[in-house]
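# Commentary on secondary and tertiary structure
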Amino acid sequence: MVMYEKTAEHFGQKFKDLPEGHLLVNLGPSHPATHGILQNVIQIDGERVVDTESVIGYVHRCFEKLGERYDYNQFLVCTDRMNYVSTPLNNIGWILTVEKMMQIQVPDRVTYVRMIISELSRIMDHIICNGIMGVDLGAFSGLLHLFHHRENIYQILEKLTGARLTTTFCRVGGMERDIYPEFQTEIKLILKGLKPALDEFEELLIRNKIFNERTKGIGGISAERAIAYGFSGPNLRAAGVPWDVRKNDPYMFYDKVDFDIPVGEDGSALDRTLVRMEEMRQSMRIIEQLIDGIPEGPYHADVPHTFLPPKDRVYNNMEELIYHFKIIMHGVKVPQGEYYHATEAANGELGFYVVSEGEKSPWRVHVRRPCFWYYQAFPEMVKGGLLADTIATMSSLNVIAGELDC
Amino acid sequence: MKEKLTEFIQTRFNDSLLPQRDINTNLLYFSIKKESLPTVVQTLKDDPEFAFTFLNDLTSIDWLGKREPRFEVVYLLRSPKNNHFRFQLRVPVGEGEPVPSISGIFPAANWPEREVYDLMGISFSNHPRMERLIMPDNFVGHPLRKDYPLEGPGQDYLIEDLLTIHVEEDITD
């Protein structure tokens, strides 16, 4: 409450000499199109946007500070709450960073499952982005049409991890539990249903004349400006730059699978939507290459002091009981060092910069979240356009408030 | 690339380099003086061979009680031209000392610099708008500092509000 009044007062100062006929409009913080809680103070002249200011910080939970208190496995629950539309991608990004620091080599089975879950999450995220974009522009049926398939993926996650939204997927050195027997068959079924659904979605929404005219050439950004603003992920690729962490700086087995990087032309809202559509298809391609080849083997690395021992050994063996306690009470032991590890999350490059002093918790955790970097270009992207177009631009950028504020 | 870049920086910016600590890291890094930061960044960005045109990350570390000076601002630059090679620039800075802003070179640095100012209390000179970004304007202190109390004195403004509400309320009827 106090915060809102403060910002209103502040912007009153900034825009105090408004020319005659100009208006200040608050888009957000609670507006259906400002996903999560985002505030945009927009100065308009008639229907034209003259200037805007973005206010963030409404959902700030200081995860970086929490990271300095929690141990490495505990911080996993914080990453769940960053991009809550595709949680496993954040989880995997964090776990890979810690494993890099500890130099743990996980079994192939774990990497396969992680990659499959990553790509399913990417599909989940893009379904929401494209679907909700339709909703924001007045087309509801597209979202409903795809949501069924998103729900199917949620059911897989529920069976695998026990949770739908906050999955806390993976542990340092492997996964919390092994995959269940029908895992592969169920995913194949999902892909079978998803393929025609995506085509139908494209027919229904993207080839729709109204949607097309409201997004074509709207909110565009040139490749050069996008790079200058630190864009990454689909938003950068829509501007015509074929960068993808999975190709440029491969992690897991991304250098061993075949997939293409879709690129757009002018970085407009329509291009961003189309790039996301194509990325979903590429993700399905990756899953299809992996799903039948999941190797047999353990679901965690055989490194002592990192993984909870099986219960029968804990109950019958003093040493194992001590390990169990040590891991619960003191967490895993990460050697002194500083690491930056980047993964390609659904929104772009998600990087974790971790400083360890060899203690239970990291000395410093910093998250390079993709939203934070491209949302600052929002004023430049909407300036001169119509007020209604700011909605299309914002939806197609896929700003997730939880990730933006972190 | 590593050797080439090291040689380039050592010959070109020898006066700006500070002694390096031995850090166990996956990135090549250089500690430099804060005054020469904009020149180094601009040169590496403009150089056709290196072309570090992408500001990958910008953050800071509080070394309270561990090292002197207290803070370090960390820049991560990426060169798409050279196979997306990343390297780090570290700028040690004491309490109350401003660091030159690089938002004129990379527009992307605008928000991250404000974030560092907001949460860590390191200010940047020549920044177009050095204000809080995430915390409310009347927030007290910088929450990511190591000496910031975990319960947070910043809660005062909420308590103050609660008090006024309850004081003005007439609970007799």
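Attention here is on the structure that accompanies the text. (Residues numbered from 1 in each chain as written. Chains lettered and ligands numbered in written order. Predicted model: local features only at pLDDT ≥ 70, side-chain atom pairs only at ≥ 80, totals over all residues. Heavy atoms only, no water.)

## Brief notes about the interface of chain A and chain B
Across the boundary between the two partners, chain A contributes 45 residues, which contact 54 residues of chain B. Contact between chain A and chain B buries roughly 4400 Å² in total, counting both sides, with carbon and sulfur atoms accounting for 57%. Contact with chain B buries surface across chain A, with A:K65, A:E338 and A:W363 losing the most and accounting together for 16% of the total. Here A:D249 ties to B:R86 by a salt bridge, and the two come within 2.8 Å at their closest N and O atoms. (Contact = heavy atoms within 4.5 Å. Buried area = accessible area lost by both parts, 1.4 Å probe. Salt bridge = Lys/Arg side-chain N within 4 Å of Asp/Glu carboxyl O.)

## Considering the packing of helix α4 (residues 87-102) of chain A against helix α5 (residues 108-136) of chain A
Axis angle and axis distance: for two packed helices, these are the angle between their axes and the distance between the axes, and together they describe the pair. One way to put it is that α4(A) packs onto α5(A) with a least axis distance of 9 Å and a crossing angle of 145°. On α5(A), the residues touching A:P88, A:L89, A:I92, A:I95, A:L96 and A:E99 of α4(A) are A:R114, A:I117, A:S118, A:S121 and A:R122. (Axes fitted to C-alpha atoms, helices over the stretch in contact; angles between N-to-C directions. Helix = DSSP H or I, 4+ residues; strand = E, 2+ residues; numbered from the N terminus.)

## A look at the sheet that holds strand β4 (residues 337-345) of chain A
Residues and elements named next belong to chain A. Taken together, the 3 strands give an open sheet; going across it, the order is β4-β5-β6, and neighbouring strands pair in antiparallel fashion. Of all strands in the sheet, those with a lone pairing partner are β4 and β6 (364-368), marking the two edges. Each strand axis lies, on average, 10° off the axis of its neighbour in the sheet, ignoring direction. Taken together, the 9 bridges between β4 and strand β5 (residues 348-356) define a ladder with antiparallel strand orientation. If you follow H341 over to β5, its bridge partner there is F352. (Pairing = 2+ DSSP bridges.)

## Quick look at the pattern of salt bridges
For the coordinates displayed, the defined rule picks out 48 salt bridges over all chains. A:D260 is the partner of A:R285 in a salt bridge, and the nearest nitrogen-oxygen pair spans 3.1 Å. Of the two residues, A:R285 is situated in helix α12 (residues 269-291) and A:D260 in the loop between α11 (245-248) and α12; the sequence distance between them amounts to 25 residues. Look at A:R285 and you get partly exposed, because its relative accessible area is 29%. For A:E338, the salt bridge goes to B:R90, with nearest N and O atoms at 2.7 Å. One end of the pair, A:E338, is in strand β4; the other, B:R90, is in strand β4 (residues 85-93), on a second chain. Judged by its relative accessible area of 1%, B:R90 falls in the buried class. In the salt-bridge network here, residues are joined through shared partners; they are A:E119, A:R122, A:R237, A:D244, A:R246, A:E279 and A:E344. (Buried < 20%, exposed > 50% of the residue type's maximum accessible area, 1.4 Å probe, protein only.)

## Some thoughts on the side chain of A:H126
Among the secondary structure elements, A:H126 is positioned in helix α5. In this structure the side chain of A:H126 is engaged in a polar contact, spanning 2.9 Å, whose partner is the side chain of A:E279. (Polar contact = N/O pair within 3.5 Å; in protein donor to acceptor, adjacent residues only side chain to side chain.)

## What about the nonpolar core?
Residue and element names in this part refer to chain A. Residues W94, I116, F183 and I187 are the most contacted members of the largest nonpolar core, which totals 90 residues. Tallying contributions element by element places α5 first for this core, with 11 residues. In this view, I187 contacts I116, L120, I156, I287 and I291; residues no more than four positions away in its chain are not counted. (Core = buried A, V, L, I, M, F, W, Y, C linked by side-chain atoms within 4.5 Å.)

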